[in-house]
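# Notes for the structure review
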Amino acid sequence: MPVRITRLLTAALIGAGISTAALAAATQSLIWRGDVVTANGVVKGVAKAWQSSGHGSVQLQPFNTASGLDAVAGGSADIAGSARPSSGSATDSGLTFTPVAWDGLVLITSPANPVSNLTLQQVHDIYYGKITNWKEVGGNNVPIDVFAVASPGDGVEFSLRKLLFGRGSQPVAAPRLYVNTTQLEQSIELDPRGFGVTALSNVAGNPKIKMLRIDGTAPSVATVASGAYPLFAPLYLVTNPSSPNAAAAQAFVDFTLSDKGASALRAHSLVPYNAGTTLIAMDASRRSRILAEVGAHASAEPTQIAAASRPAVAPSVAVARQAAPATPTLTKVRGAVLTPPPSSLKDVRGEAFTQVVAVDRGSFAKVTSDAYVTHGKLAVAKASEKTPGKINVASKTEAKKRVASVDKKPARAYRVAAGETLYSIARRHGVDVAQIRSWNHLKDNTVRTGQVLRIESR
């Protein structure tokens, strides 16, 4: 074979090999995990455009910010979604945070609530426990049910607290905590007294949710883009430079920042990060202005931010110092998960309840937090098992007898419905969680659908 032909054939084979390698990289499947805000606003739309452009698929695993960062740091995911920047923790330090979009942090309530506007000071005071009734902000004479997502597990919650208190890990007076904003929004839809924070991209156009104006300015893409709406924050895609899929993950981030990515972001009520030059320029002064208005100042975060990848409550943290001497303090704040984490998140619903003991208005001393988990299916106990709290569903009569024979006080049997927790059952019957545990000899706060509980008469 002539030398020239041999060289041409060799070059063709090498070129084919390079093309095959490039094609394999372009069609590589990626795993994304993180908060539901970034999933709904950023990744779903961008991933669709990414695949339409001939790239590989993106597997979405939305849960919360901490779970995504843990997964990328540990190598079980390629990209994380975060509604907060790096906290400086050991987990975050080895990761690359790239801002890709701007979103509005919106305070929400039920459309049945007559209140439509709050000042920044009022928002601060509601979260801090100084304002506890809607009447104090122009609404009905009913308590404010403050719902929150466990921070710092959720980036939206972290970012709002950073703006209002100068510290994202600041504890707040929230009687009920959730693992992500989706669960919080669902509770707000059902509770006309509810109050909480989520992202504009999550609830824009949702008729079951009312977004509150802040100092007279309604949250919208236009008011976020101009900076007129004061509560805005960047959304980040997070990658691990040492990951085997680092190049493909970075390619997805670059695509998100491209014109095609920007179009997908705008379609989900987001402002592309590079289009927010006004927001970048005003960010520092805006933060200082908000803190001055509410009487707080910035303070350092703990060096370690505890992960909240499982249903959990806020960890013990120090309190951000307040400028005004009359501002109340939080002492002896502690959180504990009383239910062992499940091996699988299928059919599991997590939520948390905070019990306040001997609290005066504006102060929450001795705050304790318990987490409750319910499972969708009831495990059938063997006849030989005598584990308290477990009822053999094959013998309903025997179960009722067991419940009725605990003691002689008037009582009734209550069967746990799907989605109920020990907290919701206690609230329904006007009793304490600790009482139900005592009556039924429960070792923790786990209840299962179909389980029969003994409820004493009040």
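Quick caveat, the model's predicted, so the values are computed rather than measured.

Looking now at the overall build of the chain. Assigned secondary structure in the chain consists of 15 helices and 18 strands. Within the chain, buried positions represent 49% of all 458 residues. Across the chain, contacts joining residues at least 24 apart in sequence account for 75% of those joining residues at least 6 apart. Roughly 20,500 Å² of accessible area belongs to the chain as shown, and the carbon and sulfur atoms make up 55% of that amount.

Packing of helix 2 (residues 36-52) against helix 10 (residues 246-256) leaves a shortest axis separation of 10 Å and a crossing angle of 100°. Regarding the angle of helix 2 to helix 10, the classification is roughly perpendicular. Contacts between helix 2 and helix 10 involve Val 42, Val 43, Val 46, Ala 47, Ala 49 and Trp 50 from the former and Ala 248, Ala 251, Phe 252, Phe 255 and Thr 256 from the latter. Looking at the contact of helix 2 with helix 10, its residues break down into 10 nonpolar, one polar and no charged.

As enumerated under the stated definition, the model contains seven salt bridges in all. Among the ionic pairs, Glu 293 bridges to Arg 289, the shortest N-O distance being 3.7 Å. Pair noted here: Glu 293 and Arg 289 are both in helix 12 (residues 277-294), with a separation of four residues, about one helical turn. The shortest N-O distance in the salt bridge between Glu 456 and Arg 454 comes to 3.0 Å. When its relative accessible area of 0% is taken as the criterion, Arg 454 is described as buried.

Aromatic ring pairs are defined here through the distance separating the ring centres and the angle between the ring planes. Enumeration over the complete set of coordinates arrives at nine aromatic pairs. Judged by centre distance (6.0 Å) and plane angle (70°), the rings of Trp 134 and Phe 195 are edge-to-face. Of this pair, Trp 134 sits in the loop between helix 5 (120-128) and strand 6 (145-149) while Phe 195 sits in strand 8 (residues 194-199); the two residues are 61 residues apart in sequence, bridging distant segments of the chain. For the pair Trp 134 and Phe 195, a shared accessibility class is recorded, and that class is buried.

Before going further, it helps to examine unusual backbone geometry. Backbone geometry at Asp 215 places phi at a positive 50°, although glycine is not the residue there. Counting through the fold element by element, Asp 215 comes out in the loop between strand 10 (213-214) and helix 9 (221-226). If you check the backbone angles, Ser 269 has positive phi at about 60° while not being a glycine. Counting through the fold element by element, Ser 269 comes out in the loop between helix 11 (259-266) and strand 12 (271-272).

If you trace the backbone, Asn 133 turns up in the loop between helix 5 and strand 6. On the basis of relative accessibility, which here comes to 14%, the residue Asn 133 falls in the buried class. A distance of 3.1 Å separates a polar atom in the side chain of Asn 133 from a polar atom in the side chain of Asn 141. In this structure the side chain of Asn 133 is engaged in a polar contact, spanning 3.1 Å, whose partner is the backbone nitrogen of Val 142.

Residues Val 42, Leu 107, Tyr 127, Phe 195, Leu 231, Leu 237 and Phe 252 are the most contacted members of the largest nonpolar core, which totals 75 residues. Membership of the second largest hydrophobic core comes to 13 residues, among which are Val 433, Trp 439, Leu 453 and Ile 455.

Let us now look at the environment of Val 43. Considering the arrangement of structural elements, one finds Val 43 in helix 2. Relative accessible area serves as the criterion here: at 0%, Val 43 is assigned to the buried category. Considered as a pair, Val 43 and Arg 33 are 10 residues apart in the sequence and their alpha carbons are 9.9 Å apart. Residues within four places of Val 43 in sequence aside, it is in contact with Trp 32, Thr 38, Val 58, Leu 60, Leu 237 and Phe 252.

Relative to strand 2 (residues 58-63), strand 1 (residues 30-35) runs parallel, the two sharing six bridges. Among the inter-strand pairings, Asp 35 is bridged to a residue of strand 2, identified as Phe 63. The handedness of the strand 1 to strand 2 crossover, carried by helix 2, is right-handed.

For Asp 215, a relative accessible area of 38% puts it in the partly exposed group. Considering only alpha carbons, one finds Asp 215 and Pro 230, 15 residues apart in sequence, at a separation of 9.0 Å.

Our next topic: helix 5. Along helix 5, eight of the nine residues are buried, which leaves the element largely enclosed by surrounding structure. Those residues of helix 5 not exposed but buried are Leu 120, Gln 122, Val 123, His 124, Asp 125, Ile 126, Tyr 127 and Tyr 128.

To continue, consider helix 12. Along its 18 residues, helix 12 runs 26 Å from first to last C-alpha, staying within 8% of the 26 Å computed at 1.5 Å per residue. Approximately 50° is the largest bend angle found in helix 12, and it occurs at Asp 283. If you follow the buried residues of helix 12, they end up packed against strand 4 (96-109), helix 5, helix 6 (155-165), helix 9 and strand 11 (232-239). Positive phi shows up at Gly 295, right after helix 12, with a value of about 80°.

Next up on the list: the environment of Phe 232. Inspection of the secondary structure assignment puts Phe 232 in strand 11. Residue Phe 232 is classed as buried on the basis of its relative accessible area, which comes to 0%. As a C-alpha pair, Phe 232 and Ser 159 span 73 residues in sequence and 8.8 Å in three-dimensional space. Residues contacting Phe 232, with those up to four places away along its chain left out, are Trp 102, Asp 103, Gly 104, Leu 105, Leu 163, Val 224, Gly 227, Leu 279, Met 282, Asp 283 and Arg 286.

Rules and cut-offs
Residues numbered from 1 in each chain as written. Predicted model: local features only at pLDDT ≥ 70, side-chain atom pairs only at ≥ 80, totals over all residues. Heavy atoms only, no water. Helix = DSSP H or I, 4+ residues; strand = E, 2+ residues; numbered from the N terminus. Buried < 20%, exposed > 50% of the residue type's maximum accessible area, 1.4 Å probe, protein only. Contact = heavy atoms within 4.5 Å. Areas by Shrake-Rupley, 256 points an atom, 1.4 Å probe, with all protein chains shown as cover. Axes fitted to C-alpha atoms, helices over the stretch in contact; angles between N-to-C directions. Parallel < 35°, antiparallel > 145°, perpendicular 65-115°, else oblique. Nonpolar A, V, L, I, M, F, W, Y, C, P; charged D, E, K, R; others polar. Salt bridge = Lys/Arg side-chain N within 4 Å of Asp/Glu carboxyl O. Phe/Tyr/Trp six-rings, centres within 6.5 Å; stacked < 30°, edge-to-face > 60°. Polar contact = N/O pair within 3.5 Å; in protein donor to acceptor, adjacent residues only side chain to side chain. Core = buried A, V, L, I, M, F, W, Y, C linked by side-chain atoms within 4.5 Å. Pairing = 2+ DSSP bridges. Right-handed = clockwise from strand over helix to strand, strands pointing away. Expected span 1.5 Å × (residues − 1). Bend = angle between axes of the 7 residues up to and from the residue.

Read these as geometric descriptors, not functional statements.
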